[in-house]
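Okay, here's what each chain looks like letter by letter:
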Amino acid sequence: MTTRIQGSGARGNERRVAGNVLRGSVGNLVEWYDWYAYSAFTTYFAKSFFPGGDATAQFLNTAAVFAVGFLMRPLGGWLLGRFADRFGRRSALVLSVSMMACGSLLIAATPGYSTIGVAAPVLLVFARLLQGLSVGGEYSTSATYLSEVASPGRRGFYSSFQYVTLVGGQLLALGLQLILQSTLSDTQMGEWGWRIAFVVGALAAVIVMVLRRSMDESESYRRVADDAGSGRAAGERGTLRQLVKYPREIALVVGLTLGGTVAFYTYATYTQKFLENTAGIPRRTVTVLLFVALLLFAILQPLAGRLSDRIGRRKLLLFFGIAGTVATVPIMTTMAHTSQPVLAFLLLLAALVIVTGYTSINAIVKAELFPTRIRAIGVGLPYALTVAVFGGTAELIAQALKKAGHESLFFWYVAGCILVSLIVYATMRETSRSSALERGED
């Protein structure tokens, strides 16, 4: 009887964990849908916000605004990470999705350059700054929340859903793009059809804001909050003063992130313009290829995350580092010179399989480095700084090198960034069995 009750209690707890992960992940999905809708619909709205010119110049302008949004992510990682460490993960997640809703609504409602002149790109930049703050805080808080509510021994599996929903957001953006492309003409898409994507994102974010209010706060955070309420370490949570006491961990987050973020944004976002402008594959065909490749990529995330629970995180990181360093230049060079959609798809899928070694476990590895009282800001701030400098500028660098006639240098740049991270992976120790999470440290 006791065994049966214990088994029933374990199943109930696992369902509760799954429910919290689901509600947190749905919010993450909508946040990233809103973020990636910008990239997915760039080819349609670039001419609305910037004066006439060649397509590459307009894409370069929108890529610059994309990069500007990334520059706000460190500020978001700091502000919302501090907020999450001091006032709770759930409250920070509600705040971040509210900011994203405002940014999407502003993009949807802003008139074009021909109507309000320079105010159009200014408002676009402001909206992306707001979304950058939101995403910077979303990553740190959701990574922290998913790792803390997950069952011991299954943290890699549950935390991998952060990238499932991150990629899922991009798939939703691409899926809506496919629907709109099949129902509207290119002229209609360029004039007003692209605005539908941002209206949908704003409405979905409002719904998620309500859903997130029903999530459980993580037990790890509640323990720390109770201690602070009793007078213990009341001023330590989420402060830079406490964070700088972990210089090795901060450096590890930067090194872990560098190659992975450049590779991910190269294949998951820049590829859409790359295959269209460089390889010459038709726009709608590229959208279908990217959609299917990213769908398979999302399915791989929990499989790789569960594998990391069994064999450790470091082995997957080494796989990404070695394969990415060796294969990036051949993959992108071949992709640039093929007009065959099937070959382009296989190359893209191979690249995404390699990147899975990083994306599936990057959140849990970083969360395992820090104690609860500074986990959100510890995960978020150094990660966001690295992504802003390297991930957010990846497409901008690629477009600039293409415009200068040296596009192949970008392939070597991506491989070099992965090599730097490989050195970090080779020298770091395993985190899955020696982390603050597993030791129960607050």
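Everything quoted here is computed from the prediction, not taken from an experiment.

Chemist: Please explain the packing of aromatic side chains as it appears in this structure.
Modeler: Remark: the centre distance and the inter-plane angle together describe each pair of aromatic rings, the angle taken between the planes. Under the defined criterion, the tally for this structure stands at 17 aromatic pairs. Measuring from ring centre to ring centre gives 5.3 Å for F45 and W194, while their planes differ by 45 degrees; the resulting arrangement is tilted. With F45 in helix 2 (residues 42-49) and W194 in helix 10 (residues 186-212), the pair connects residues that are 149 residues apart, well separated along the chain. On the accessibility criterion, F45 (0% relative accessible area) is buried. Counting every residue linked through ring pairs, the aromatic cluster contains Y270, F274, F410, F411 and Y413. Its end group placed over the ring of Y38, R128 keeps NZ or CZ at 4.2 Å from the ring centre. A cation over an aromatic ring shows up here: R283 above the ring of Y44, its NZ or CZ 4.9 Å from the ring centre.

Chemist: Explain the packing of helix 5 (residues 89-109) against helix 10 to me, please; I cannot follow it from the model alone.
Modeler: How two helices sit against one another is set out by the angle between their axes and by the gap between those axes. The N-to-C vectors of helix 5 and helix 10 enclose an angle of 160 degrees; their axes lie 8 Å apart at closest approach. The orientation of helix 5 with respect to helix 10, classified from their angle, is roughly antiparallel. With respect to the hand of their crossing, helix 5 and helix 10 are arranged in left-handed fashion. The residues of helix 10 that touch helix 5, namely those facing R90, L93, V94, S96, V97, S98, A101, S104, L105, I107, A108 and A109, are W194, R195, F198, V199, G201, A202, A205, V206, V208, M209 and R212. Grouping the amino acids of the contact of helix 5 with helix 10 by side-chain chemistry returns 16 nonpolar, four polar and three charged.

Chemist: Got a minute to help me understand empty space enclosed by the protein in this structure?
Modeler: Counted according to the given criterion, the structure contains two cavities of 30 Å³ or more. Considering only enclosed or pocket space, the largest cavity measures out at about 40 Å³ in volume. What lines the largest cavity is A263, Y267, F320, G324, T328, I331, A351, I354, V355 and I418. Going through the elements one at a time, helix 13 (247-277), helix 15 (313-336) and helix 16 (341-359) are the ones with two or more residues in the lining of the largest cavity. Considering every element that reaches the lining of the largest cavity, the biggest residue donor is helix 15, with four residues. Looking at the lining of the largest cavity, its residues break down into eight nonpolar, two polar and no charged. Put simply, the second largest cavity is a space of about 30 Å³. Together, Y36, S39, A40, Q170, L174 and Q272 line the second largest cavity. Broken down by element, the lining of the second largest cavity gets its largest block of residues, three residues, from helix 1 (residues 2-40). Residue classes in the lining of the second largest cavity are distributed as three nonpolar, three polar and no charged.

Chemist: What's the story with helix 2 in this structure? I'm lost.
Modeler: Because each turn of an α-helix spans 3.6 residues, side chains separated by three or four positions end up pointing in the same direction. Within helix 2, seven of the eight residues are buried, which leaves it mostly tucked inside the rest of the structure. For helix 2, the set of buried residues is T42, T43, Y44, F45, A46, S48 and F49.

Chemist: Would you mind going over the nonpolar core with me for this structure?
Modeler: The nonpolar side chains of soluble globular proteins are, as a tendency, buried together. Core analysis: the largest hydrophobic core is formed by 105 residues, its most contacted members being F41, V167, F264 and L294. At 13 residues, helix 13 tops the list of elements feeding residues into this core. Discounting chain neighbours no more than four positions away, the residues touching F264 are Y36, Y163, L166, V167, T269, F297, V355 and T359. V149, A150, Y158 and M215 belong to the second largest nonpolar core, which has 10 residues in total.

The rules behind each value
Residues numbered from 1 in each chain as written. Predicted model: local features only at pLDDT ≥ 70, side-chain atom pairs only at ≥ 80, totals over all residues. Heavy atoms only, no water. Phe/Tyr/Trp six-rings, centres within 6.5 Å; stacked < 30°, edge-to-face > 60°. Helix = DSSP H or I, 4+ residues; strand = E, 2+ residues; numbered from the N terminus. Buried < 20%, exposed > 50% of the residue type's maximum accessible area, 1.4 Å probe, protein only. Lys NZ or Arg CZ within 6 Å of the ring centre and 35° of its normal. Axes fitted to C-alpha atoms, helices over the stretch in contact; angles between N-to-C directions. Parallel < 35°, antiparallel > 145°, perpendicular 65-115°, else oblique. Left-handed = near helix turned anticlockwise from the far one by under 90°. Contact = heavy atoms within 4.5 Å. Nonpolar A, V, L, I, M, F, W, Y, C, P; charged D, E, K, R; others polar. 1 Å grid on protein atoms, 1.4 Å probe; cavity = no way out; pocket = protein on both sides within 12 Å on 5 of 7 lines; lining within 4 Å. Points joined across faces, edges and corners; volume = space filled by probe spheres on them. Core = buried A, V, L, I, M, F, W, Y, C linked by side-chain atoms within 4.5 Å.

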